[in-house]
Amino acid sequence: MTLRLFNTLSGQLDELAPSDGKALRMYACGPTVYDYGHIGNFRTFLQIDVLRRFLKLQGMSLRHVMNITDVDDKIIRNAGESGLAIGDYTAPYIDAFFEDLASLRVQRPEIVARATEHIPRMVELVEKLASSGAAYKTDDGSWYFRLSAFPEYGKLSKKDLSGMEDGARVDVDEYEKDSARDFALWKAAKPGETSWETSIGRGRPGWHIECSAMAMEFLGDCFDLHAGGEDLMFPHHENEIAQSESVTHKPFARHWMHVRFLLVDGRKMSKSEGNFFTLRDLLLKGYKASAIRLALISVPYRHQLNFTFEGLTEATNAIERLRTFHQRLATAKMTPSLESESPIQAAAVKARAEFFEALNDDLNTADARAPIFELVRAANTALDRGQFSTADRDAVLPVLRDFDSVFDVIEDHDAEPTKRALAWAEKAGRTADVAQELLASASTSDDEINALVAERDVAKKRRDFARADQIRKELAEKGVVIEDSKEGTRWKRK
């Protein structure tokens with residue numbers, strides 16, 4: 001089956017495939033590095049990660065480009081207030097962004113392009129727009145795109161812009177979402193502001209020209225897919241189309257993917273509401289990176305996600321079910337392989353087919369997750385009844401591998417992100433924000449836990465249940481849960 005993905009431009013589900021039959025060329029808007037990324041930002045990056053992982057699972061080659069906006073109004077303002085050059089101001093946030101991506105298991109694109117490293121390409125694009133009459137220079141030396149030069153403006157967002165005032169300008173990177181104005185391509189230098197000396201004057205690029213220039217530099221005049229959050233649809237993506245197609249006279253991108261907003265407890269996330277969270281905030285509260293990943297991708301990208309702590313707890317429990325089952329497959333006693341196909345083997349085939357079918361249908365992650373958990377339930381029941389063979393295991397494991405190649409939560413990588421978050425908290429003076437249980441857990445090594453578990457096993461064999469219960473309680477206070485099973489004693493950190 002071919003992936004059918006909703007195309008914002010066409011307004012329908014379209015097949016997504018490489019136009020050259022070789023590699024899918026896709027551009028995804030990256031971060032503006034003026035602060036730490038919040039969970040709304042990471043929902044978009046995670047959903048794009050699901051897309052690229054699923055395409056790769058199906059054998060597709062990718063040329064995925066992501067930009068880093070390391071110069072814009074906010075960055076210049078914040079850097080100035082901090083008394084830093086913009087490169088010095090953005091560097092720690094760029095490092096933090098990639099650290100957070102790694103914590104969430106987001107794969108790096110094939111190409112990461114920083115805006116400040118591609119100024120000549122942006123200048124070239126402005127010059128081409130000027131030569132065609134689509135760009136004009138103002139008295140202060142800035143350059144603007146003439147919206148009236150592109151009659152198709154609004155075709156992506158489907159906004160009715162017939163009433164826009166011809167010639168009205170907007171020169172800031174953030175403005176009213178329904179404001180259709182001539183927008184800045186190049187901003188003349190202001191005193192003390194970072195700027196570049198170029199053939200179109202001394203200044204720095206506008207936000208929109210950055211993405212057009214870098215996308216076309218690495219992917220060509222017309223590429224397969226442009227992705228980003230729904231907040232970028234207008235005016236950013238609309239402006240990208242206008243300025244790019246005014247130069248090339250070709251479709252800028254054939255397919256557009258937009259990820260819906262994230263709410264927190266039913267409200268728009270904002271610092272004033274007290275519901276604004278970065279990834280680091282959640283890690284310091286004791287939540288695992290894998291649970292945050294699963295919570296942010298379990299709702300399909302075209303549905304608004306209402307993020308709650310109850311949802312994080314549900315994701316944590318779901319991951320534990322998967323990991324416990326996966327571990328059980330490795331240790332449980334099973335009957336020899338059977339010659340005829342068993343119900344579990346048939347269930348595995350069905351689950352895999354439904355998993356692929358759901359993701360091929362507009363990346364429906366909710367429907368893709370359901371058959372996997374149904375397979376786990378059925379397999380656990382068969383294991384409990386002693387009706388599970390090695391052939392059943394060999395049928396189930398590849399299904400779990402396919403699932404995890406996209407969702408990436410079964411293999412436990414949670415210790416390192418938590419460790420990094422704790423180190424960051426200490427460096428940033430945020431230790432007061434660390435959950436007490438997390439502090440207790442972090443101060444206890446795996447070797448110490450294993451020693452206590454072994455001591456508890458010995459106490460149980462000696463029927464010293466008081467000592468066994470005391471050890472269980474001691475471990476619980478350190479954030480460690482003990483599980484007794486047929487396969488032996490297991491432990492996990494909360």
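Here we summarise the structure given alongside this text. (Residues numbered from 1 in each chain as written. Predicted model: local features only at pLDDT ≥ 70, side-chain atom pairs only at ≥ 80, totals over all residues. Heavy atoms only, no water.)

### Concerning the packing of aromatic side chains
For the structure shown, the criterion picks out 20 aromatic pairs. Measuring from centroid to centroid gives 6.5 Å for Phe 355 and Phe 407, while their planes differ by 45°, and the two rings are tilted. One end of the pair, Phe 355, is in helix H10 (residues 343-360); the other, Phe 407, is in helix H12 (residues 390-407), with 52 residues separating them in the sequence. Phe 355 sits in the buried class, given a relative accessible area of 1%. With relative accessibility at 0%, the residue Phe 407 sits in the buried group. Taken together, the ring pairs in this structure connect Phe 54, Phe 355, Phe 356, Phe 403 and Phe 407 into an aromatic cluster. Over the aromatic face of Phe 98 sits the side chain of Arg 108, whose NZ or CZ is 3.9 Å from the ring centroid. (Phe/Tyr/Trp six-rings, centres within 6.5 Å; stacked < 30°, edge-to-face > 60°. Helix = DSSP H or I, 4+ residues; strand = E, 2+ residues; numbered from the N terminus. Buried < 20%, exposed > 50% of the residue type's maximum accessible area, 1.4 Å probe, protein only. Lys NZ or Arg CZ within 6 Å of the ring centre and 35° of its normal.)

### A closer look at the environment of Lys 128
Topologically, Lys 128 is positioned in helix H4 (residues 119-132). Assessed through its relative accessible area of 40%, Lys 128 is described here as partly exposed. With 155 residues separating them along the chain, Lys 128 and Leu 283 place their C-alpha atoms 48 Å apart.

### What about the sheet that holds strand S5 (residues 111-114)?
Strands sit in the order S5-S4-S3-S12-S13 across an open sheet of five strands; the sheet is parallel. Each edge of the open sheet carries a strand with a single partner, namely S5 and strand S13 (253-259). Each neighbouring strand pair of the sheet contributes to a mean axis angle of 20°, computed without reference to strand direction. In the sheet, strand S12 (residues 223-229) pairs with S13 via six bridges, with the strands oriented parallel. Paired with Ala 227 across the strands is Met 257, a residue of S13. Sitting on the sheet, helix H1 (residues 39-57) is in contact with strand S3 (23-28), strand S4 (61-68), S12 and S13, with an inclination near 165° to S4. Against the sheet, helix H3 (residues 86-103) contacts S4 and S5, and its axis sits at roughly 145° relative to S4. (Pairing = 2+ DSSP bridges. Axes fitted to C-alpha atoms, helices over the stretch in contact; angles between N-to-C directions. Contact = heavy atoms within 4.5 Å.)

### Section: the packing of helix H11 (residues 365-384) against H12
It is the contact of H11 with H12, at a shortest axis distance of 11 Å, that shows an interaxial angle of 150°. Considered as vectors, H11 and H12 are oriented roughly antiparallel to each other. Note on packing geometry: the crossing formed by H11 with H12 is left-handed. Contact residues: Thr 365, Ala 368, Arg 369, Ile 372 and Leu 375 in H11; Val 396, Val 399, Leu 400, Phe 403 and Phe 407 in H12. (Parallel < 35°, antiparallel > 145°, perpendicular 65-115°, else oblique. Left-handed = near helix turned anticlockwise from the far one by under 90°.)

### Regarding unusual backbone geometry
With an omega of 10°, the peptide bond between Phe 234 and Pro 235 qualifies as cis. For Arg 105, which is not glycine, the phi dihedral falls at a positive 65°. Summarising the element assignment, Arg 105 is placed in the loop between H3 and S5. At Arg 463, a residue that is not glycine, the phi angle is positive and equals roughly 65°. With respect to the helices and strands, the residue Arg 463 is situated in the loop between helix H15 (446-461) and helix H16 (465-477).

### Points about the side chain of Asp 414
In this fold, Asp 414 is placed in the loop between H12 and helix H13 (415-428). On the basis of relative accessible area, Asp 414 is assigned to the buried category, the value being 7%. Among the polar contacts listed, one links the side chain of Asp 414 to the side chain of Arg 323, at a separation of 3.0 Å. When sequence neighbours within four positions are dropped, the list of residues in contact with Asp 414 reads Lys 288, Ala 289, Ser 290 and Arg 323. (Polar contact = N/O pair within 3.5 Å; in protein donor to acceptor, adjacent residues only side chain to side chain.)

### Details of the side chain of Asp 402
Within the secondary structure layout, Asp 402 lies in helix H12. Within the structure, Asp 402 has its side chain in polar contact with the side chain of Arg 352 (distance 2.6 Å). Once residues lying within four places of it in the same chain are set aside, the contact partners of Asp 402 are Leu 57, Arg 352, Phe 355 and Phe 356.

### A look at the sheet that holds strand S14 (residues 262-264)
Taken in spatial order, the three strands make up an open sheet running S15-S14-S16, and their pairing is mixed. Single-partner strands in this sheet number two, and they are strand S15 (267-268) and strand S16 (305-307). Of the strand pairs in this sheet, S14 and S15 are connected by two bridges, and their pairing is antiparallel. Bridge pairing in S15 places Val 264 opposite Arg 267. Of the strands in this sheet, S14 and S16 touch H1, which is tilted by about 145° from S14.

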